[in-house]
Number of protein chains: 2
Amino acid sequence: MKRFLVDMDGVLADVYERVIGMEEEALGKTIDRAKLIGRKELSVFPRSAHRLREVGFFRSLPVMEGSIEGLKYLNDRYEVFIVSAAMEFPNSLQDKYEWLEEYFPFITWKQIILCGDKTPVVGDVMIDDHLWNLNRFLGQKCLFTQPHNMLVQDPQYTRVNSWKEIMELF
Amino acid sequence: MKRFLVDMDGVLADVYERVIGMEEEALGKTIDRAKLIGRKELSVFPRSAHRLREVGFFRSLPVMEGSIEGLKYLNDRYEVFIVSAAMEFPNSLQDKYEWLEEYFPFITWKQIILCGDKTPVVGDVMIDDHLWNLNRFLGQKCLFTQPHNMLVQDPQYTRVNSWKEIMELF
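Rules behind the numbers
Residues numbered from 1 in each chain as written. Chains lettered and ligands numbered in written order. Predicted model: local features only at pLDDT ≥ 70, side-chain atom pairs only at ≥ 80, totals over all residues. Heavy atoms only, no water. Helix = DSSP H or I, 4+ residues; strand = E, 2+ residues; numbered from the N terminus. Rg over C-alpha atoms; globule rule 2.2 N^0.38 Å. Buried < 20%, exposed > 50% of the residue type's maximum accessible area, 1.4 Å probe, protein only. Contact = heavy atoms within 4.5 Å. Areas by Shrake-Rupley, 256 points an atom, 1.4 Å probe, with all protein chains shown as cover. Lys, Arg positive; Asp, Glu negative; His and termini not counted. Charge placed at Lys NZ, Arg CZ, Asp CG, Glu CD. Buried area = accessible area lost by both parts, 1.4 Å probe. Salt bridge = Lys/Arg side-chain N within 4 Å of Asp/Glu carboxyl O. Expected span 1.5 Å × (residues − 1). Arc of directions from axis to C-beta. Polar contact = N/O pair within 3.5 Å; in protein donor to acceptor, adjacent residues only side chain to side chain. Least-squares fit on C-alpha atoms with pLDDT ≥ 70 in both. Pairing = 2+ DSSP bridges. Axes fitted to C-alpha atoms, helices over the stretch in contact; angles between N-to-C directions.

### Some thoughts on the overall build of chain A
Next, step 1: In terms of regular secondary structure, chain A is built from six helices and six strands.
Next, step 2: For chain A, the N- to C-terminal ordering of α and β elements is β-α-α-α-β-α-β-β-α-β-β-α.
Next, step 3: In terms of C-alpha radius of gyration, chain A reaches 16 Å, essentially the compact-globule figure of 15 Å for 170 residues.
Next, step 4: Counting only C-alpha atoms and orienting by the principal axes, one finds that chain A spans roughly 50 × 35 × 30 Å.
Next, step 5: Residues counted as buried form 51% of the 170 residues belonging to chain A.
Next, step 6: Counting only contacts in chain A whose residues sit at least 6 apart along the sequence, the fraction spanning at least 24 positions is 66%.
Next, step 7: Just so you have it, chain A exposes about 8,000 Å², and 51% of that area is on carbon and sulfur atoms.
Next, step 8: Distance between charge centres in chain A, computed from 21 positive and 26 negative side chains, equals 3 Å.

### A word on the interface of chain A and chain B
Next, step 1: Facing 21 residues of chain A, the contacting portion of chain B comprises 21 residues.
Next, step 2: When chain A packs against chain B, the two sides together hide about 2,100 Å² of surface, and 69% of this comes from carbon and sulfur.
Next, step 3: Of all residues in chain A, the largest losses of buried area upon contact with chain B belong to Met87(A), Trp109(A) and Pro120(A), amounting jointly to 28% of the total for that side.
Next, step 4: For the pair chain A and chain B, the interface holds zero salt bridges.

### Considering the pattern of salt bridges
Close approach of charged atoms allows side chains of opposite charge to pair.
Next, step 1: The full count for this structure, using the stated rule, is 24 salt bridges over all chains.
Next, step 2: Measuring nitrogen to oxygen at the nearest pair gives 2.8 Å for the salt bridge that ties Glu23(A) to Arg47(A). Residue Glu23(A) is located in helix 1 (residues 15–27), and its partner Arg47(A) is located in the loop between helix 2 (41–44) and helix 3 (67–77); the two are separated by 24 residues in the primary sequence.
Next, step 3: Look at Glu23(A) and you get buried, because its relative accessible area is 3%.
Next, step 4: Lys164(B) serves as the salt-bridge partner of Glu168(B), at 3.2 Å between the closest nitrogen and oxygen.

### A few points about helix 1 of chain A
All names here are of chain A.
Next, step 1: Spanning 13 residues, helix 1 covers 18 Å between terminal C-alpha atoms, matching the ideal 18 Å at 1.5 Å per step.
Next, step 2: Within helix 1, the full set of buried residues consists of Val15, Tyr16, Val19, Ile20, Met22 and Glu23. All buried residues of helix 1 lie within an arc of 160° about the axis, which places them on one face of the element.
Next, step 3: In this structure, the buried residues of helix 1 make contact with helix 2.
Next, step 4: Gly28 sits one or two residues past helix 1 and shows a positive phi near 75°.

### Side note on the environment of Asn133(B)
All names here are of chain B.
Next, step 1: Relative to the assigned elements, Asn133 resides in helix 5 (residues 131–134).
Next, step 2: Asn133 gets classed as buried once you look at its relative accessible area, which sits at 10%.
Next, step 3: Considering only alpha carbons, one finds Asn133 and Val121, 12 residues apart in sequence, at a separation of 10 Å.
Next, step 4: The residues touching Asn133, leaving out its near neighbours within four places in the chain, are Lys118, Met126 and Asp128.
Next, step 5: Reaching out from Asn133, the side chain makes a polar contact with the side chain of Asp128 at a distance of 3.1 Å.

### Section: the relation of the copies chain A and chain B
Next, step 1: When chain A is fitted onto chain B, the two copies agree to an RMSD of 0.0 Å after a turn of 180° and an axial shift of 0.0 Å. A rotation of that kind, with that shift, is consistent with a two-fold axis. Proximity to the rotation axis, assessed at the C-alpha, singles out Val121(A) in chain A; its C-alpha lies 2.2 Å from the axis.
Next, step 2: Mapped onto chain B, 100% of the interface residues of chain A again fall at the interface, so both copies present the same surface.

### Thoughts on the sheet that holds strand 2 (residues 79–84) of chain B
Backbone-to-backbone hydrogen bonds join strands into a sheet, with any given pair of strands oriented parallel or antiparallel.
Next, step 1: Here we have 12 strands laid out as an open sheet, ordered 6(A)-5(A)-4(A)-1(A)-2(A)-3(A)-3(B)-2(B)-1(B)-4(B)-5(B)-6(B), and mixed in their pairing. Taken across any chain shown, the strands that pair with only one partner, and hence form the sheet edges, are strand 6 (157–160) of chain A together with strand 6 (157–160) of chain B. Each strand of the sheet is rotated relative to its neighbour by a mean of 25°, with strand direction disregarded.
Next, step 2: Here strand 2 (residues 79–84) of chain A runs beside strand 3 (residues 112–115) of chain A; their pairing, made up of three bridges, is parallel. Following the sheet pairing, Val83(A) is matched in strand 3 of chain A by Ile113(A).
Next, step 3: Set on the sheet, helix 4 (residues 92–103) of chain A makes contact with strand 2 and strand 3 of chain A together with strand 3 (112–115) of chain B; between it and strand 3 of chain A the angle comes to about 160°.

This is the structure we're talking about:
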């Protein structure tokens with residue numbers, strides 16, 4: 001059975017949505033989404049970068065549109081592991097576990113991998129929004145569209161723009 | 001470079017030492033270590049099994065004899081990842097991160113993997129005290145001696161009785 005490695009931030013959890021909300025609240029004005037395209041996440045939100053280190057940040061993230069239905073679809077058909085590079089933010093570990101338990105209760109603790117570097121974790125398909133994770137992966141590389149990767153055009157990646165597209169593809 | 005996957009509990013962290021101490025304190029008498037040989041960990045300590053779910057339990061574990069020097073030895077020569085099946089005990093996640101940071105500061109966050117099932121994590125050598133982890137691993141299986149596995153005699157496992165032996169072997 002095909003093994004899928006599914007990323008959390010930017011794939012299951014909508015980090016942009018949360019950070020944009022925080023920035024808009026602090027600035028008192030609307031952020032132009034078009035200006036985020038092709039720019040590194042942390043460079044466009046310098047004010048919020050430190051918030052990622054706070055207890056509760058990852059627990060507060062909204063769920064990516066369509067991800068509950070989409071992940072359930074994959075989980076019913078394939079071997080699924082959630083693989084998140086969480087170790088850079090040690091305060092996120094418990095948050096991420098509890099967040100998954102709340103929104104994706106069909107994912108068991110046996111299917112969760114919190115790591116720093118994803119290189120030693122192998123599978124057939126990786127769904128991730130970051131090239132640095134996909135580039136070290138030997139299976140099919142699915143690039144989940146997020147503003148920072150929108151300008152990437154490279155046939156080595158299977159671009160998926162939504163969870164609906166993932167369900168159509170597999 | 002050879003990649004080592006090193007387990008935490010029963011390899012870097014001395015779980016028996018801690019649990020025996022707790023049991024002896026509760027019982028008010030000394031536990032005969034010989035009676036632990038070949039028996040499953042939790043079956044011999046029914047009184048303490050629930051303690052593993054408490055915040056702080058894994059943070060309080062003593063370091064396995066010789067493991068600091070031994071892991072440093074491996075880390076200086078090979079690619080090392082700490083792979084711990086921590087997800088069954090979500091309260092252990094932050095504890096384990098902080099414990100590693102305190103006793104093994106030469107291990108970076110990029111080298112830590114906390115998971116439920118170790119199957120998708122690949123490498124050349126696994127050092128573990130549990131057969132269920134070693135059996136799904138495709139590289140060299142090093143069985144680190146602990147009371148529960150002392151009766152295992154099977155040539156598929158490279159038995160290592162101490163960190164000193166690991167340093168002699170690699």
